Amino acid sequence: MPTLGQNQYGKAENRVVRITRDGATHHIKDLNVSVALSGDMDEVHYSGSNASVLPTDTTKNTVYAFAKQYGIESAEQFGVHLARHFVTSQPAIHRARIRIEEYAWERVEHSGEGAHSFVRTGRETRLAQITHDDGGAWEVVSGLKDLTVMNSTNSEFWGYVKDKYTTLPEAYDRVLATEVSGRWRFNWTDDTQPVPDWDESYEETRKHLLAAFAETYSLSLQQTLYAMGSRIVERRPEIDEVRFSLPNKHHFLVDLAPFGLKNDTADSAVYFAADRPYGLIEATVLRDGCDARIPEDLTNL
Ligand SMILES: O=c1[nH]c(=O)c2[nH]c(=O)[nH]c2[nH]1
């Protein structure tokens with residue numbers, strides 16, 4: 001009979017977000033936690049007996065419950081706590097390996113109330129598309145992708161259509177997070193016009209987009225999108241058209257009631273950050289009287 005070699009199991013990529021509130025100042029911990037356990041696991045492989053198997057689902061629940069109950073001081077401290085728990089509480093488990101990725105967020109500086117707006121550090125890509133034809137016409141479209149932002153409050157979603165398939169509970173204080181993909185078209189179209197300062201325009205447009213995201217008390221991501229686009233068109237005279245594609249990166253409050261833990265939005269709430277499926281909100285915002293030229297599907301630009 002072939003021999004079983006090294007083996008391990010557990011729940012990988014538990015996306016856990018913990019948001020603490022210090023008055024109007026919020027703090028985020030955002031981790032991707034993978035659990036791999038090993039020990040006396042021959043039987044489950046050879047005969048299918050689960051007598052020594054702590055379900056991977058339980059390892060997932062433990063991650064969320066520990067995040068709520070004990071907090072996340074650091075990835076290392078959290079991992080030590082989890083690993084010790086699995087090894088000391090389960091006689092069949094002799095080794096626990098916890099891998100953690102931590103995603104860093106920095107605050108969006110804005111003039112609105114409160115400190116609850118964040119941008120994921122160091123991930124966005126700046127984009128440009130330049131088209132010139134021999135009639136002398138120019139079209140410049142700039143943009144960005146992978147700019148991940150989050151408001152940990154000031155977002156609601158309610159009053160929507162309900163049919164027999166609607167189960168979504170109305171939300172009066174939810175996390176609003178998205179990975180901005182945006183393109184904006186300049187009205188510089190021929191060499192007789194002064195050339196925009198491309199770098200300054202990019203920096204300012206990005207700032208307006210972030211400020212509108214942070215300062216809009218949002219009743220829907222659609223409303224936030226329009227606020228971002230209209231702020232750019234209003235404040236940047238060199239831009240006539242803006243299109244955004246905004247995935248709604250859902251954060252679901254984890255139900256910790258089965259473990260006797262309350263998990264309210266009010267403080268230290270623990271969320272499951274889902275990566276799919278996601279709502280996808282897309283729209284163009286135009287200066288009055290201008291035509292739309294940016295294609296519907298931004299992946300084509
Ligand atoms: O901001 C939102 N807009 C929607 O259209 C929508 N639909 C949904 O299920 N959640 C949300 N959130």
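Procedures and definitions
- Residues numbered from 1 in each chain as written.
- Predicted model: local features only at pLDDT ≥ 70, side-chain atom pairs only at ≥ 80, totals over all residues.
- Heavy atoms only, no water.
- Near = heavy atom within 4 Å.
- Polar contact = N/O pair within 3.5 Å; in protein donor to acceptor, adjacent residues only side chain to side chain.
- Nonpolar A, V, L, I, M, F, W, Y, C, P; charged D, E, K, R; others polar.
- UniProt positions renumbered as here; feature names shortened; annotations may be inferred.
- Helix = DSSP H or I, 4+ residues; strand = E, 2+ residues; numbered from the N terminus.
- Buried < 20%, exposed > 50% of the residue type's maximum accessible area, 1.4 Å probe, protein only.
- Contact = heavy atoms within 4.5 Å.
- Pairing = 2+ DSSP bridges.
- Axes fitted to C-alpha atoms, helices over the stretch in contact; angles between N-to-C directions.
- Domains from an automatic or database assignment.
- Buried area = accessible area lost by both parts, 1.4 Å probe.
- Salt bridge = Lys/Arg side-chain N within 4 Å of Asp/Glu carboxyl O.
- Expected span 1.5 Å × (residues − 1).

### Re the site of the ligand
Turning to step 1, where the next piece is worked out: In the vicinity of the ligand, the contacting residues are Phe 157, Leu 168, Arg 174, Ser 220, Leu 221, Gln 222 and Asn 248.
Turning to step 2, where the next piece is worked out: The separation between a nitrogen atom of the ligand and a polar side-chain atom of Asn 248 is 3.3 Å.
Turning to step 3, where the next piece is worked out: Here the shell around the ligand is composed, by residue class, of three nonpolar, three polar and one charged.

### Digging into the UniProt feature "binding site: urate" (unreviewed entry) in the chain
Turning to step 1, where the next piece is worked out: Annotation from UniProt places "binding site: urate" (unreviewed entry) at Thr 56, Asp 57, Phe 157, Arg 174, Gln 222 and Asn 248. These residues run over 193 residues, and the two farthest C-alpha atoms among them are 37.2 Å apart, placing them at more than one spot.
Turning to step 2, where the next piece is worked out: The topology assignment puts Arg 174 in the loop between β7 (138–151) and β8 (176–186).
Turning to step 3, where the next piece is worked out: On the accessibility criterion, Arg 174 (17% relative accessible area) is buried.
Turning to step 4, where the next piece is worked out: Mapped onto the elements of the fold, Asn 248 is located in strand β9 (residues 239–248).
Turning to step 5, where the next piece is worked out: Filtering out sequence-adjacent residues up to four positions away, Asn 248 remains in contact with Arg 174, Leu 176, Ala 177, Leu 221, Tyr 278 and Gly 279.

### Details of the sheet that holds strand β1 (residues 14–22)
Turning to step 1, where the next piece is worked out: Strand order in this open sheet of five strands is β3-β2-β1-β11-β10, and the pairing throughout is antiparallel. Every other strand in the sheet has two partners, leaving β3 (93–102) and β10 (251–253) as the edge strands with one partner each. Averaged over all adjacent pairs, the angle separating strand axes in this sheet is 35 degrees, with direction ignored.
Turning to step 2, where the next piece is worked out: Relative to β3, strand β2 (residues 25–39) runs antiparallel, the two being bridged by nine bridges. Counted as the bridge partner of Leu 31 is Glu 102 from β3.
Turning to step 3, where the next piece is worked out: Against the sheet, helix α3 (residues 75–89) contacts β2 and β3, and its axis sits at roughly 160 degrees relative to β3.

### Quick word on the side chain of Asn 263
Turning to step 1, where the next piece is worked out: Mapped onto the elements, Asn 263 comes out in the loop between β10 and β11 (269–273).
Turning to step 2, where the next piece is worked out: In this structure Asn 263 comes out as buried when scored by relative accessible area, which is 10%.
Turning to step 3, where the next piece is worked out: Among the polar contacts listed, one links the side chain of Asn 263 to the backbone oxygen of Val 254, at a separation of 2.9 Å.
Turning to step 4, where the next piece is worked out: A distance of 2.9 Å separates the side chain of Asn 263 from the backbone oxygen of Val 270, its partner in a polar contact.
Turning to step 5, where the next piece is worked out: Once you skip the residues sitting within four places of it in the chain, Asn 263 turns out to touch Lys 68, Leu 253, Val 254, Leu 256, Ser 268, Ala 269 and Val 270.

### Some remarks on the domain arrangement of the chain
Frequently, the measure chosen for interface size is the accessible area that the parts lose on association.
Turning to step 1, where the next piece is worked out: Assigned domains of the chain: these are domain 1 (14–102) and domain 2 (105–250 + 271–300).
Turning to step 2, where the next piece is worked out: In this structure, domain 1 and domain 2 have C-alpha centres spaced 36 Å apart.
Turning to step 3, where the next piece is worked out: On the domain 2 side, the residues contacting the 12 residues of domain 1 number 15 residues.
Turning to step 4, where the next piece is worked out: At the boundary of domain 1 with domain 2, total buried surface from both sides reaches about 1100 Å², with 56% on carbon and sulfur atoms.
Turning to step 5, where the next piece is worked out: Considering only the surface of domain 1 that becomes buried against domain 2, Val 17, His 26 and Ile 28 emerge as the three largest contributors, covering 41% of it.
Turning to step 6, where the next piece is worked out: At the junction of domain 1 with domain 2, the criterion picks out one salt bridge.
Turning to step 7, where the next piece is worked out: Put simply, domain 1 and domain 2 have nine residue pairs in polar contact (both at pLDDT 80 or more) between them.
Turning to step 8, where the next piece is worked out: Every element with two or more residues in the side of domain 1 that touches domain 2 is listed here: β1 and β2.

### Notes on helix α4 (residues 198–215)
Turning to step 1, where the next piece is worked out: Between the first and last C-alpha of α4 there are 25 Å, a value that for 18 residues agrees with the 26 Å anticipated at 1.5 Å per step.
Turning to step 2, where the next piece is worked out: Residues Ser 201, Tyr 202, Thr 205, Arg 206, His 208, Leu 209, Leu 210, Ala 211, Ala 212, Phe 213 and Ala 214 constitute the buried set of α4.
Turning to step 3, where the next piece is worked out: Where α4 is buried, its residues contact β5 (117–120), β6 (125–132), β7, β8, α5 (221–235) and β9.

### Comments concerning unusual backbone geometry
Turning to step 1, where the next piece is worked out: Omega for the peptide link from Arg 276 to Pro 277 comes to -10 degrees, which places this bond in the cis form.
Turning to step 2, where the next piece is worked out: Take Pro 277: it is sitting in the loop between β11 and β12 (279–286).
Turning to step 3, where the next piece is worked out: A positive phi angle, close to 65 degrees, is found at Asn 154, a residue other than glycine.
Turning to step 4, where the next piece is worked out: Residue classification places Asn 154 among the partly exposed positions, given a relative accessible area of 23%.
Turning to step 5, where the next piece is worked out: Of note, the phi angle at Ser 268 is positive, near 50 degrees, even though the residue is not glycine.
Turning to step 6, where the next piece is worked out: By the secondary structure assignment, Ser 268 is in the loop between β10 and β11.

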